[in-house]
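Reading the structure
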Amino acid sequence: MNDTTHELRIRPGVPADAPAVLDMLDAAVAWTNARGNTEQWGTTPYSQKPGGAARVDRYLTENTPYVAESAGVPVGAMVLDSGPSPQMPIAPAGEPERYVRLLVSDRRHAGLGIGAALLAHAAEETRRAGVGLLRVDCWAGGGGELVAFYERNGFTRTEPFLSDDWPGQVLARRLG
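It should be emphasised that the depicted structure is a prediction, and the values quoted were computed from it without experimental measurement.

Some thoughts on the overall build of the protein
Per the secondary structure count, the protein includes four helices and eight strands. Scaling as 2.2 N^0.38, a compact globule of 176 residues should have a C-alpha radius of gyration of about 16 Å, and the protein matches this with 15 Å. With the principal axes as the frame, the protein shows a C-alpha extent of 40 × 40 × 30 Å. Sequence separation of 24 or more characterises 60% of the internal contacts of the protein that already satisfy a separation of 6 or more. A total of about 8,800 Å² of accessible surface is found on the protein, and carbon and sulfur atoms cover 51% of it. Counting 17 positive and 21 negative side-chain charges, the protein places the centres of these two groups 3 Å from one another.

The following block contains the structure:
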């Protein structure tokens, strides 16, 4: 279950990882804001959003979390589930699936392929479970950079959606 890719070790996440995951999410908000993007994550640090810390705790206890480490330090996190968040306007696939509910990396380690390594691990875990479909949703605004990231990692656009005014895109990857 432990993978090493580009000096990254991917291990199961545990509740004690919550502070590191919250730090990564806070840094993601600051990073997107510094680039002029206040729509994707908003402007409030994730740890200060109502329910933000509790959501991370649930991810680490009720879902299937993974943490990427470099030299023993958490540098990325991913959460897999059996379907999309019930809070999102996304229908279940109608077949067994694994769903990436969270993918975040430490911006101080950008360029190491952390997100790609975590997505490759998600595909491996999905295959290992005997499931042939891996899906994810993401913010589709801006110039579409996030959608393009998932496409570079083997996903294909399926359906766009709106959550209030937030434009999203569901992507899928068939695994053989």
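And the narrative resumes.
Quick word on the environment of Val-56
Along the chain, the position of Val-56 falls in helix α2 (residues 52-62). Assessed through its relative accessible area of 0%, Val-56 is described here as buried. Placed 37 residues apart in sequence, Val-56 and Pro-19 show a C-alpha to C-alpha distance of 9.0 Å. If we ignore the near neighbours within four places in the chain, the residues touching Val-56 are Ala-18, Val-21, Leu-22, Leu-25 and Tyr-46.

Quick notes on the environment of Val-75
Here Val-75 is to be found in strand β4 (residues 73-81). For the pair formed by Val-75 and Met-24, sequence separation is 51 residues and the distance between their alpha carbons is 7.8 Å. Setting aside residues no more than four positions away along its own chain, Val-75 makes contact with Leu-8, Met-24, Ala-68, Glu-69, Ser-70, Ser-105, Asp-106, His-109 and Ile-114.

Brief notes about the packing of aromatic side chains
Within the structure shown, the criterion is met by four aromatic pairs. Ring geometry for Trp-41 against Tyr-46: centres 6.1 Å apart, planes inclined by 75 degrees, an arrangement best described as edge-to-face. A residue is classified by how much of its surface remains accessible, and Tyr-46, at 8% relative accessible area, is buried. Taking 5.8 Å as the distance between ring centres and 85 degrees as the angle between the ring planes, the aromatic pair formed by Tyr-150 and Phe-155 counts as edge-to-face. Each member of the pair Tyr-150 and Phe-155 is classed as buried. Three or more aromatic residues joined by ring pairs make a cluster, and in this case those are Phe-149, Tyr-150 and Phe-155.

Quick look at the confidence of the model for the protein
Taken residue by residue, the protein gives an average pLDDT of 93. The fraction at 70 or more is 97%. Of the regions scoring below 50 in pLDDT, residues 1-6 engages in 18 contacts with residues more than four places distant in sequence or in other chains.

Side note on the pattern of salt bridges
This model, assessed by the stated rule, comprises 11 salt bridges. Across the pair Arg-108 and Asp-106 runs a salt bridge whose closest N-O atoms are separated by 2.6 Å. Judged by its relative accessible area of 71%, Arg-108 is exposed. Given the relative accessible area of 5%, Asp-106 is considered buried. Between Arg-128 and Glu-125 there is a salt bridge; the shortest N-O distance is 2.8 Å.

A closer look at the pairing of strand β7 (residues 156-163)
Relative to strand β8 (residues 166-174), β7 is paired through six bridges, and the arrangement is antiparallel. Bridging from a neighbouring strand, Ser-163 pairs with Trp-166 of β8. The loop that links β7 with its antiparallel partner β8 comprises two residues; one of these, Asp-164, has a positive phi angle of about 60 degrees.

Quick word on the nonpolar core
The nonpolar side chains of a soluble globular protein tend to be buried, and buried together. Counting 24 residues, the largest nonpolar core has Met-78, Val-100, Leu-103, Leu-118, Leu-134 and Tyr-150 as the members making the most contacts within it. Of all the secondary structure elements, the ones that give two or more residues to this core are β2 (8-12), β3 (64-70), β4, β5 (98-105), α3 (114-128), β6 (133-139) and α4 (145-152). Ranked by the residues each element gives to this core, the list is headed by α3, at six residues. Contacts of Val-100, omitting those with residues within four sequence positions, involve Met-78, Val-79, Leu-80, Leu-119, Ala-122, Leu-134, Arg-135 and Val-136. Counting 16 residues, the second largest nonpolar core, distinct from the first, contains Met-24, Val-29, Ala-77 and Val-104.

Definitions and cut-offs
- Residues numbered from 1 in each chain as written.
- Predicted model: local features only at pLDDT ≥ 70, side-chain atom pairs only at ≥ 80, totals over all residues.
- Heavy atoms only, no water.
- Helix = DSSP H or I, 4+ residues; strand = E, 2+ residues; numbered from the N terminus.
- Rg over C-alpha atoms; globule rule 2.2 N^0.38 Å.
- Contact = heavy atoms within 4.5 Å.
- Areas by Shrake-Rupley, 256 points an atom, 1.4 Å probe, with all protein chains shown as cover.
- Lys, Arg positive; Asp, Glu negative; His and termini not counted.
- Charge placed at Lys NZ, Arg CZ, Asp CG, Glu CD.
- Buried < 20%, exposed > 50% of the residue type's maximum accessible area, 1.4 Å probe, protein only.
- Phe/Tyr/Trp six-rings, centres within 6.5 Å; stacked < 30°, edge-to-face > 60°.
- pLDDT = per-residue confidence, 0-100.
- Salt bridge = Lys/Arg side-chain N within 4 Å of Asp/Glu carboxyl O.
- Pairing = 2+ DSSP bridges.
- Core = buried A, V, L, I, M, F, W, Y, C linked by side-chain atoms within 4.5 Å.

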